[in-house]
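Structural overview for review
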Amino acid sequence: PDGSRVRAEYLFGSYSNAMVLPTSGPRLVDLAHDYDIELGSARVGGMLLMNGSDHRLPQPWLGRVVDEANALQDRYRFRVQSLEEHVAEQPIEGLPEWHGEMRSGARANLLMGVASNRVDVHRAAAAAEQALERRAEPLAALFLAPGAYPDDFLAGAWRQLVLHSAHDSSCACSHDDVVEAVLARYADARHIAEGVAADALIALACSVDAPGGSTVLANPTQRTHAGVIERTVPGTGPAHLVGPDGTAHPAQLVATGRAQGFRTVAAGGKIRWVLNLLRTSEEAGYGFSHAETGGDADHRVVRLVTAGPDEPQGDTSELREQMRAWGDGGALVHVVVEGAPNRTLVLATPPVPGFGWTTAQLVDGASPGGAVRASETTLANEHLTVTVDPSNGTYAVATADGVQASGLGRLVDGGDGGDTYNYSPPDLDEIVDVPDAVRVVAVEAGPVRARTVVECDYSWPRRAIGDANRCTHRSPERVATTVTTTLELRAGERFLRVAHAFDHRVEDHRLRVHFPLPAPVGASDAESAFSIVRRGLAAEGGPTAAPLATFPARRFVDASAGAVGLGRVHDGLQ
């Protein structure tokens, strides 16, 4: 994409064209001659015989056979060398040129089914990569002292990712035992990255001169960015953030409650074990605001409530002695430790400079209004309006500048032979794309975040119909499945968040989600490893791969016609 020119060698006879090396020199000459004829005009420079393949051990007669072949003829000169040595000797002038990705199913399998196989593995990979690339590395570089930079930790996390670079690992098309090991390594990488990011944020917070109780906001990206955060904090009632310039920002109270500490029942001398945990007036570093007692002589109940940040701490010395006496007297003592009241808030933040930080104060009281709102079937913010169709569970999106797309999110279930590499259409297929029943409930209505839950009931065939590999008859058995789709809009965001959840209990199926475009397009653009790649509506196929226009996308795909189109941003489907 940047104009770089790279010499590529097409492995015309696959990457294992000399996988089974003959055991005699004359037969090696015959192998080379056959390959020479197969190449024909495609041959440029030397011929590359790839001696090896998946799960193959080295063949000990390699050197002997090469010597025999060289001794008995002069047409070919055989050499055992590395790929690097081979490519360095090949011509680089007068070669045909190709711009863009080298992607064709005309002569080799593309194995496109792995793009959506074992989505749990793909999502684990995305979570590990983002934790490492988007948070751990930039936050550590920004906020840790040079001498504290965690080189060893980050190297260990990267090694866990690199170990999965083998295509059958990252594509999750291996045996279940392999997949379990892959998931464990991705989890290791993510945990290391999350620990590094936490250390960096703690170091930042410890160096900031701000009033107690301040919220420190860090931005590991290049541009200035305001966003939405969710916090659970002590107290009751509404609260909101006030930025360093004194501006109040919208907030939303989404839940109230109190943390559950622990509960136990102590008999006799075991009450002393509980008292040691309580340590007079505190448990795990938290003081108690008050205590309540109840029950009868045989069953005593003690309820202790931890103090909030601004509450005075009570003295539990007398209660401690009383509990010891109850235990010594043979009573069962039920002890319950509860946290102070807390609330979960969704908070709009002030802008945070790129690669920087800012602070904000959490202030009790009602917040200013926001642009996010929702009714039973509609969600809206300053950029988008989303309308749910209660008859089929799909939704429409309209932008503030007039672009509209409807029928989005239609779930389409059909049969699949179960190949972990490619879609294998059954002999007879039954497509189910209309739910039996739909329920729509608005669960959050702004002003910072709106959420609507769409529940769709389906009756899916338990197994693919007429699959040549697995079954040859129509199975009448149906599986009742409820798919829960959560639609979410946040303040300031120019996109709709969509999450599906369901218990998939059918066999040999594939489930797709359809997004009809607002206008016809002739191509799509998707993020790849090194650039944005433009692809047409068709794909090349061959004798071993159907010409399916199914392409990978690293984080997004955009299908647009000028200023009108539809974009999808996703995690874990590359």
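Everything discussed here concerns the structure shown above.
In this report, we go over the structure that sits alongside the text. (Residues numbered from 1 in each chain as written. Predicted model: local features only at pLDDT ≥ 70, side-chain atom pairs only at ≥ 80, totals over all residues. Heavy atoms only, no water.)

Time to look at the side chain of N70. Along the chain, N70 falls in helix α2 (residues 62-72). Of note is the side chain of N70, whose polar atom sits 2.8 Å from the backbone nitrogen of F78. Among residues more than four places away in sequence, those in contact with N70 are Y76, R77 and F78. (Helix = DSSP H or I, 4+ residues; strand = E, 2+ residues; numbered from the N terminus. Polar contact = N/O pair within 3.5 Å; in protein donor to acceptor, adjacent residues only side chain to side chain. Contact = heavy atoms within 4.5 Å.)

Attention shifts here to the environment of V119. Here V119 lies in helix α4 (residues 119-143). Of the residues examined, V119 reaches a relative accessible area of 34% and is grouped as partly exposed. When the C-alpha atoms of V119 and A172 are compared, they prove to be 8.4 Å apart, with 53 residues separating the residues in sequence. Among residues more than four places away in sequence, those in contact with V119 are G572 and L573. (Buried < 20%, exposed > 50% of the residue type's maximum accessible area, 1.4 Å probe, protein only.)

The description of two aromatic rings rests on the distance between their centres and on the angle between their planes. Applying the stated rule across the entire model yields four aromatic pairs. Taken together, a centroid distance of 5.8 Å and an interplanar angle of 85 degrees make the contact between Y10 and F12 edge-to-face. According to the relative accessible area criterion, Y10 is partly exposed, its value standing at 48%. Measuring from centroid to centroid gives 6.3 Å for Y76 and F78, while their planes differ by 55 degrees, and the two rings are tilted. Per residue, the accessibility class of Y76 equals that of F78, and both read buried. Taken together through their ring pairs, the aromatic side chains of Y458, W460 and F502 make up a single cluster. Sitting above the plane of the Y423 ring, R510 keeps its charged end 3.6 Å from the centroid. (Phe/Tyr/Trp six-rings, centres within 6.5 Å; stacked < 30°, edge-to-face > 60°. Lys NZ or Arg CZ within 6 Å of the ring centre and 35° of its normal.)

Attention now moves to the sheet that holds strand β19 (residues 497-501). Here we have four strands laid out as an open sheet, ordered β16-β17-β18-β19, and antiparallel in their pairing. Where the open sheet ends on each side, the last strands, each with one partner, are β16 (437-445) and β19. Each strand axis lies, on average, 20 degrees off the axis of its neighbour in the sheet, ignoring direction. Two strands pair when backbone bridges link them, and strand β18 (residues 478-490) and β19 are joined in this way by five bridges, in the antiparallel orientation. In the sheet register, T485 faces β19, and the bridge partner there is H500. (Pairing = 2+ DSSP bridges. Axes fitted to C-alpha atoms, helices over the stretch in contact; angles between N-to-C directions.)

This next bit is on the environment of E180. Along the chain, the position of E180 falls in helix α7 (residues 176-207). Spatially, the C-alpha atom of E180 lies 39 Å from that of H99, the residues being 81 residues apart in sequence.

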